[in-house]
Amino acid sequence: MDPKIIARAAAVILLAGAVLACALELARQGPTLEPSAPAAQDNMHLADELSRCEALGAEAAHDAACKAAWAQNRARFLAPVAPYQDRSIQLSPAASDVPKAVPKIHLDRAPSTPQSDVRTPSTGPEGR
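Residues numbered from 1 in each chain as written. Predicted model: local features only at pLDDT ≥ 70, side-chain atom pairs only at ≥ 80, totals over all residues. Heavy atoms only, no water.

Visitor: I'm lost on the overall build of the protein in this one. Help?
Guide: Along the backbone of the protein there are 3 helices and 0 strands. In sequence order, the secondary structure elements of the protein are arranged as α-α-α. Accessible area for the protein stands at about 12000 Å²; split by element, carbon and sulfur atoms hold 62% of it. (Helix = DSSP H or I, 4+ residues; strand = E, 2+ residues; numbered from the N terminus. Areas by Shrake-Rupley, 256 points an atom, 1.4 Å probe, with all protein chains shown as cover.)

Visitor: What am I meant to see in helix α3 (residues 64-78) here?
Guide: Side chains three or four residues apart in an α-helix point the same way, a direct result of the helix having 3.6 residues per turn. Along its 15 residues, α3 runs 21 Å from first to last C-alpha, staying within 8% of the 21 Å computed at 1.5 Å per residue. Taken residue by residue, α3 has C66, A69 and N73 as its buried positions. Angular distribution of buried residues about the axis of α3 spans 60°; they occupy a single face of the element. Along α3, the residues that are exposed and aim more than 90 degrees away from the buried face are A64, R74 and L78. (Expected span 1.5 Å × (residues − 1). Buried < 20%, exposed > 50% of the residue type's maximum accessible area, 1.4 Å probe, protein only. Arc of directions from axis to C-beta.)

Visitor: Hey, could you run me through a nonpolar patch on the surface in this one?
Guide: On the surface, a cluster of nonpolar side chains totalling about 370 Å² of accessible area is made up of M1, I5 and I6. On the secondary structure map, I5 appears in helix α1 (residues 3-28). Judged by relative accessible area, I5 falls into the partly exposed class, the value being 47%. (Patch = residues over 30% accessible without salt bridge, like charges linked within 9 Å, V, L, I, M, F, W, Y side chains within 5 Å. Salt bridge = Lys/Arg side-chain N within 4 Å of Asp/Glu carboxyl O.)

So this is what it looks like as structure tokens:
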């Protein structure tokens, strides 16, 4: 057997094993982030403060509260976060979703399509 084929097969098997291990690890981990009411209130307070700073216009550049709100807003968007955990991974669909049999198409029920028959002689002057 060719060593290249063996090496490729081994690489494919290792890659499939790594993907399977990652999928199992992700499925094993439960949801870790829970939204809390104080965090939602902090976000509303931050939004109110950013609206106030926007209304101030150019004067907001010298306001300490606006500088703090902008820093908090940057940290909120630029900070690394955990991936969305509420979605579960289903490796196989539920049995009720899978059809039990594929319906057969009967030829007598099939839609008719116009086809030219080469065996039928033409009755027009072009066919003679």
